[in-house]
Amino acid sequence: MNPITENRRHYEDLVEGETIDLGRIAVSKEMITGFAREFDPFPFHLDEAAAKASLLGGLASSGWQTAALTLRMLGDTFLTRIASMGGLGFSDLKWKKPVMVDDTITGTATIAALRRSRHHPERGIVTVDLDVRNQRGEPVMTMRLANLVELRDPSLPLVEGENP
Amino acid sequence: MTRWFEDITLDEAFPLGSHHFTEAEIIRFGQLYDPQYFHVDPEAARHSHFGGLVASGWHTVSVGHRHMVDALFAEEDRLRGEGKEPGVSGPSPGVNKMQFKAPVRPGDTVTYTLTVTGKRPSNSIPGWGLLFNTLEAVNQHGELVYHAELVGFSKLRDYRMPIGLRLYLALTRLPVLGKVLAKRTG
């Protein structure tokens with residue numbers, strides 16, 4: 001038993017269709033330019049005039065910052081409360097609308113699928129659909145994330161058809 | 001790579017350079033964005049299946065993005081140096097696929113490479129094209145760290161706006177009619 005995660009929810013405790021409220025984060029100008037300076041120094045993430053002239057139409061966060069802040073919300077509400085073993089990756093990430101200065105992002109995570117790992121009986125894979133919105137309820141970003149989670153009882157037999 | 005859409009060649013590998021990951025920066029990124037114990041606490045991380053501290057996948061990806069942006073700027077400088085006008089990169093509409101393949105540990109050096117695998121004019125934004133990029137990160141042992149399939153906007157050089165659209169845009173700039181048109185198109 002992993003002493004760090006033993007009291008957390010394990011694979012067996014998760015339910016398909018479960019929805020997690022991600023909470024909210026207000027995105028300030030300082031946060032946007034701070035992240036952009038380190039990871040995404042395009043003028044349209046750093047400079048108001050350049051941003052107005054760009055496809056974004058105003059100073060907006062890097063899409064990677066929106067993703068990182070979403071991950072932070074998912075970490076606080078879900079990933080640090082389950083016996084997570086790290087992420088496998090994600091797919092279909094869509095930046096639908098830029099996050100502008102002083103927008104607040106919020107959203108939900110839904111458990112879309114649960115399956116056992118074929119090669120590692122102690123691991124399960126949880127698929128999470130993320131739907132991130134701004135304070136007006138407009139979709140900002142969606143994606144599908146896959147994360148590993150420990151089984152409490154790895155001796156549990158694999159159910160036929162469980163791993164399509 | 002900040003070439004005009006028309007000048008971008010497919011399947012040519014662009015080296016984006018390397019990054020050395022320190023324990024301090026792995027923990028700092030983890031504390032800000034991904035505070036799972038194996039990203040922020042070296043002691044606790046020993047109990048994880050990683051056996052020690054590893055970088056958040058989003059950290060390695062963000063550093064990879066920074067290397068891509070720097071390479072775009074370097075290409076822009078190179079083109080200006082040759083007396084050519086560089087192209088224009090736009091924001092990204094999304095990521096089709098991201099696969100984290102091997103963990104990044106403190107002291108690892110990760111090398112990034114970008115390949116444009118496809119391109120087409122945008123259907124939704126006139127004057128812009130879409131680039132389909134593969135970005136791969138490899139560690140100092142030659143192991144694949146992540147494989148990403150990204151989409152980006154790039155401006156067309158040779159785009160000529162259709163006469164109808166040009167007329168419409170000119171009309172929207174008129175004080176009264178412009179307001180009416182803006183309301184109609186919402």
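### Things to note about the overall build of chain B
Scanning chain B for helices and strands turns up 6 helices and 5 strands. In sequence order, chain B lays out its α and β elements as β-α-α-α-α-β-β-β-β-α-α. Its C-alpha atoms give chain B principal-axis dimensions of roughly 65 × 40 × 25 Å. Residues counted as buried form 46% of the 186 residues belonging to chain B. Put simply, of all contacts in chain B between residues at least 6 apart along the chain, 65% involve residues at least 24 apart. Here chain B has roughly 9,400 Å² of accessible surface; of this, 56% comes from carbon and sulfur atoms.

### So, the interface of chain B and chain A
Contacts between the two partners involve 43 residues from chain B and, on the opposite side, 42 residues from chain A. For the pair chain B and chain A, the summed buried area comes to about 3,500 Å², and 68% of that belongs to carbon and sulfur atoms. Our enumeration of links across chain B and chain A arrives at 1 salt bridge. Residue Arg28 of chain B is joined to Glu38 of chain A by a salt bridge in which the shortest nitrogen-to-oxygen separation is 2.9 Å. Run the count over chain B and chain A and you get 18 residue pairs in polar contact (both at pLDDT 80 or more). If you tally residues by element for the side of chain B that touches chain A, the top one is helix H4 (residues 57–81) of chain B, at 11 residues.

### Let's talk about the side chain of Ser62 of chain A
Residues and elements named next belong to chain A. With respect to the helices and strands, Ser62 occurs in the loop between helix H3 (48–53) and helix H4 (63–79). The exposure class of Ser62 is buried, given its relative accessible area of 1%. Within the structure, the side chain of Ser62 is placed 2.7 Å from the side chain of Asp40, a separation counted as a polar contact. Residues in contact with Ser62, not counting those within four places in the same chain, are Phe35, Asp40 and His45.

### Details of the pairing of strand E3 (residues 109–121) of chain B
Residues and elements named next belong to chain B. Bridging between strand E1 (residues 13–20) and E3 involves 7 bridges; their strand directions are antiparallel. Looking at E3, one finds that His20 is bridged to Thr109. Here E3 runs beside strand E4 (residues 128–138); their pairing, made up of 10 bridges, is antiparallel. Pairing of Lys119 across the sheet is with Leu131, part of E4.

### Some points on the confidence of the model for chain B
Residue-level pLDDT values for chain B average 91, and 96% of them are 70 or greater. Model confidence for the complex: the whole-complex pTM is 0.89, and ipTM, which rates the interface, is 0.92.

### Here we look at H4 of chain A
The buried fraction of H4 of chain A amounts to 14 of the 17 residues, a majority that puts the element mostly inside the structure. Put simply, Ser62 of chain A is the residue that caps the front of H4 of chain A, since its side-chain oxygen is 3.1 Å from the backbone nitrogen of Trp64 of chain A.

### Things to note about the sheet that holds strand E5 (residues 144–155) of chain B
Sheet architecture is open: 10 strands sit in the order E1(A)-E3(A)-E4(A)-E5(A)-E2(A)-E2(B)-E5(B)-E4(B)-E3(B)-E1(B), paired in antiparallel fashion. Pairing within the sheet leaves two strands with one partner each, and these edge strands are strand E1 (19–26) of chain A together with E1 of chain B. Across the sheet, the mean angle separating the axes of adjacent strands is 20° when strand polarity is ignored.

### Quick notes on the packing of H4 of chain A against H4 of chain B
Where H4 of chain A contacts H4 of chain B, the axes come no closer than 11 Å and their chain directions differ by 170°. Between H4 of chain A and H4 of chain B, the angle is such that the two are roughly antiparallel. Residue-level inspection shows Trp64, Ala67 and Leu71 of chain A of H4 of chain A in contact with H4 of chain B, the latter providing Trp58, Val61 and His65 of chain B. Residue composition of the contact of H4 of chain A with H4 of chain B, by class: 5 nonpolar, 1 polar and no charged.

### Description of the side chain of His67 of chain B
All names here are of chain B. Within the element layout of this structure, His67 appears in helix H4. Given the relative accessible area of 13%, His67 is considered buried. Side-chain polar atoms of His67 contact the backbone oxygen of Val63, separated by 3.0 Å. Once you skip the residues sitting within four places of it in the chain, His67 turns out to touch Leu16, Gly17, Ser18, His19 and Tyr112.

### With respect to the environment of Asn147 of chain A
Residues and elements named next belong to chain A. Here Asn147 is to be found in strand E5 (residues 139–150). Distance from Asn147 to Ala67, taken between C-alpha atoms, is 15 Å for residues 80 residues apart in sequence. Not counting the four nearest positions on each side in its chain, Asn147 is found in contact with Leu79, Ser84, Met85, Gly86, Gly87, Leu88, Gly124, Ile125 and Val126. Side-chain polar atoms of Asn147 contact the side chain of Ser84, separated by 3.0 Å. Within polar-contact distance, the side chain of Asn147 engages the backbone nitrogen of Gly87 at 3.4 Å.

Basis of the calculations
Residues numbered from 1 in each chain as written. Chains lettered and ligands numbered in written order. Predicted model: local features only at pLDDT ≥ 70, side-chain atom pairs only at ≥ 80, totals over all residues. Heavy atoms only, no water. Helix = DSSP H or I, 4+ residues; strand = E, 2+ residues; numbered from the N terminus. Buried < 20%, exposed > 50% of the residue type's maximum accessible area, 1.4 Å probe, protein only. Contact = heavy atoms within 4.5 Å. Areas by Shrake-Rupley, 256 points an atom, 1.4 Å probe, with all protein chains shown as cover. Buried area = accessible area lost by both parts, 1.4 Å probe. Salt bridge = Lys/Arg side-chain N within 4 Å of Asp/Glu carboxyl O. Polar contact = N/O pair within 3.5 Å; in protein donor to acceptor, adjacent residues only side chain to side chain. Pairing = 2+ DSSP bridges. pLDDT = per-residue confidence, 0-100. Axes fitted to C-alpha atoms, helices over the stretch in contact; angles between N-to-C directions. Parallel < 35°, antiparallel > 145°, perpendicular 65-115°, else oblique. Nonpolar A, V, L, I, M, F, W, Y, C, P; charged D, E, K, R; others polar.

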